[in-house]
Amino acid sequence: MFAARYVPGQKELSLTDVPKPKPGPQDVILKVRAAGICHSDLHVLHGEVPYKESFTMGHEACGEVVETGSQVTEKFAPGDLYAVHGPNPCGHCNFCRSGHDNLCNDPSRTFIGLGQDGAYAEYMKVPARNIVKVPKGISPEVAAVATDAVLTPYHAIKAMGQVQMGSKVMIIGLGGLGMNGIQIALALGANVTACDLKEPNLEMAKSFGVQTVINSKNLSVLEPQSYDVVIDFVGLEATFKDAQNFVKPGGTIVLVGLGSATAPVTTASAITYQIRVQGTFWGTHIEMEELYDLIAAGKIKPQVETAPLKEVNHWLHELAEGKIKSRMALIP
Ligand SMILES: [Zn+2]
Ligand SMILES: [Zn+2]
């Protein structure tokens, strides 16, 4: 079968033919229907994550179950779509058993498509416990990108930011994740201010019904210390400084973007005003089920473009150049 594989030291994926995977006892084989491309792929290709072995890339996957391992008792109907929970948790450690399976650090856990064979292929192998049924009416491409580009902001905003009805929320950075983030915050009943440097992104944010849309150059018109939660989807020193400036006393800053390796905390105000700086990582299996219900209900409309999988290197290049407007899914 066709697969696009990471090879250590190469800047592009190798387009090649590999054997179709066989399921282990507790695995399923998915016929891949769509695979999202992501900035994490670029971090790997640019050598920031030093994987020593080759693997098929692609960690945002949706497909149909076509084969099951000997111990898998669940039945899967042809045509039904399943999405993959990319953190691929072990299922038995204390993090997994308490519902915090995004934090699983069991040695058996490997991220699907990041160090282990993933979705840039015709078929992929996944533990049966780590797939989620996609409700009818959601397309494979939306289901695929939702596994990261909706799940990550959902976890950041709902679980880590504890955003709820009436929360005043500032969202910094309106790329693929931020744009889904504003829809999630609105669906939770928040009053949202969306900031970005690019006017077209601000226009799109307006179309989702955000209460306040403002160019990041003009933030000085906003009242300092006036937001319950600030979600920083950029993660540069400058955006983290803005976040500290606009978060309320007792409020929370959620760091999602990895724009800069470090960003200073202004200790005097963080201490005096009891500011919480909160990290966030991907999302949980249960949250995936919740967010597909929100998508099925039309409350979140992830923007997705599609292209053939064989063009993966071209689109990774476009992603690196910032030319993909929202998110992109590849179709094998
Ligand atoms: Zn991703
Ligand atoms: Zn675990």
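The coordinates are above.
Keep in mind that what you see is a predicted model, and the values were worked out from it rather than measured.

Visitor: What exactly am I supposed to notice about the overall build of the chain here?
Guide: When helices and strands are counted, the chain shows 9 helices and 16 strands. If you line up the chain on its principal axes, its C-alpha atoms span 60 × 40 × 35 Å. Evaluated residue by residue, the chain yields a buried proportion of 52% over its 332 residues. Considering only residue pairs separated by 6 or more positions, the chain has 68% of its internal contacts joining residues 24 or more positions apart. Surface exposure of the chain reaches about 15,000 Å², of which carbon and sulfur atoms provide 52%. Placing the 28 positive and 33 negative side-chain charges of the chain at their respective mean positions leaves the two points 2 Å apart.

Visitor: Explanation requested: the coordination of the zinc ion (ligand 1) in the structure shown.
Guide: Six octahedral donors around a metal ideally subtend angles of 90 or 180 degrees, whereas four tetrahedral donors ideally subtend 109.5 degrees. Protein coordination at the zinc ion (ligand 1) comes from Cys38 (SG), His59 (NE2), Glu60 (OE) and Asp148 (OD), with a distance range of 1.8 to 2.3 Å. Coordination at the zinc ion (ligand 1) is tetrahedral, judged from the 4 donor atoms that bind it and the angles of 100 to 119° they form at the metal. Sequence positions of the donors to the zinc ion (ligand 1) reduce to the motif C-x20-H-E-x87-D. A residue pair is termed long-range when its members are at least 10 positions apart, and glutamate 60 in strand 5 (residues 60–68) and aspartate 148 in helix 3 (residues 140–160) qualify at 88 residues. What makes glutamate 60 buried here is its relative accessible area of 0%.

Visitor: Even after reading the chapter, I still don't get unusual backbone geometry, so can you show me in this structure?
Guide: In terms of backbone geometry, most residues other than glycine have negative phi values and most peptide bonds are trans. One non-glycine residue, asparagine 88, adopts positive backbone phi at about 50°. Along the chain, asparagine 88 falls in the loop between strand 6 (82–84) and helix 2 (94–97). Judged by its relative accessible area of 5%, asparagine 88 falls in the buried class. Although it is not a glycine, glutamine 162 sits at a positive phi angle of roughly 50°.

Visitor: Where do I start with the environment of glutamate 12 in this structure?
Guide: Here glutamate 12 is to be found in the loop between strand 1 (2–6) and strand 2 (14–17). Linking glutamate 12 and isoleucine 171, residues 159 residues apart in sequence, is a C-alpha distance of 33 Å.

Visitor: Quick question: what am I supposed to make of the pairing of strand 16 (residues 327–331) here?
Guide: Side-chain positions along a regular strand alternate between the two faces of the sheet. Taking burial as the measure, the 5 residues of strand 16 include 4 buried ones, the bulk of the element. Here strand 3 (residues 27–37) pairs with strand 16 via 3 bridges, running antiparallel. Considered in strand 16, the bridge of glycine 36 is made with alanine 329. Pairing of strand 15 (residues 304–308) with strand 16 involves 5 bridges; the strand directions are parallel. Looking across to strand 16, one finds that proline 308 is bridged to isoleucine 331. Each parallel crossover has a hand, and the one from strand 15 via helix 9 (residues 312–320) to strand 16 is right-handed.

Visitor: Looking at this structure, how should I read the packing of helix 3 against helix 8 (residues 285–296)?
Guide: Geometrically, a packed helix pair is captured by the angle between its two axes and the distance between the axes. Running from N to C, helix 3 and helix 8 cross one another at 110°; their axes reach a closest spacing of 9 Å. Between helix 3 and helix 8, the interaxial angle falls into the category roughly perpendicular. Together, Val142, Ala143, Ala146, Thr147, Val150, Leu151, Tyr154, His155, Lys158 and Ala159 of helix 3 and Glu287, Met288, Glu290, Leu291, Tyr292, Leu294 and Ile295 of helix 8 make up the contact between the two elements. For the contact of helix 3 with helix 8, a count of residues per class yields 12 nonpolar, 2 polar and 3 charged.

What counts, and where the lines are drawn
Residues numbered from 1 in each chain as written. Chains lettered and ligands numbered in written order. Predicted model: local features only at pLDDT ≥ 70, side-chain atom pairs only at ≥ 80, totals over all residues. Heavy atoms only, no water. Helix = DSSP H or I, 4+ residues; strand = E, 2+ residues; numbered from the N terminus. Buried < 20%, exposed > 50% of the residue type's maximum accessible area, 1.4 Å probe, protein only. Contact = heavy atoms within 4.5 Å. Areas by Shrake-Rupley, 256 points an atom, 1.4 Å probe, with all protein chains shown as cover. Lys, Arg positive; Asp, Glu negative; His and termini not counted. Charge placed at Lys NZ, Arg CZ, Asp CG, Glu CD. Donors = N, O, S within 2.8 Å, 3.2 Å for Na, K, Ca; no water. Tetrahedral: all angles 85-135°; square planar, octahedral: opposite > 155°, others 65-115°. Pairing = 2+ DSSP bridges. Right-handed = clockwise from strand over helix to strand, strands pointing away. Axes fitted to C-alpha atoms, helices over the stretch in contact; angles between N-to-C directions. Parallel < 35°, antiparallel > 145°, perpendicular 65-115°, else oblique. Nonpolar A, V, L, I, M, F, W, Y, C, P; charged D, E, K, R; others polar.

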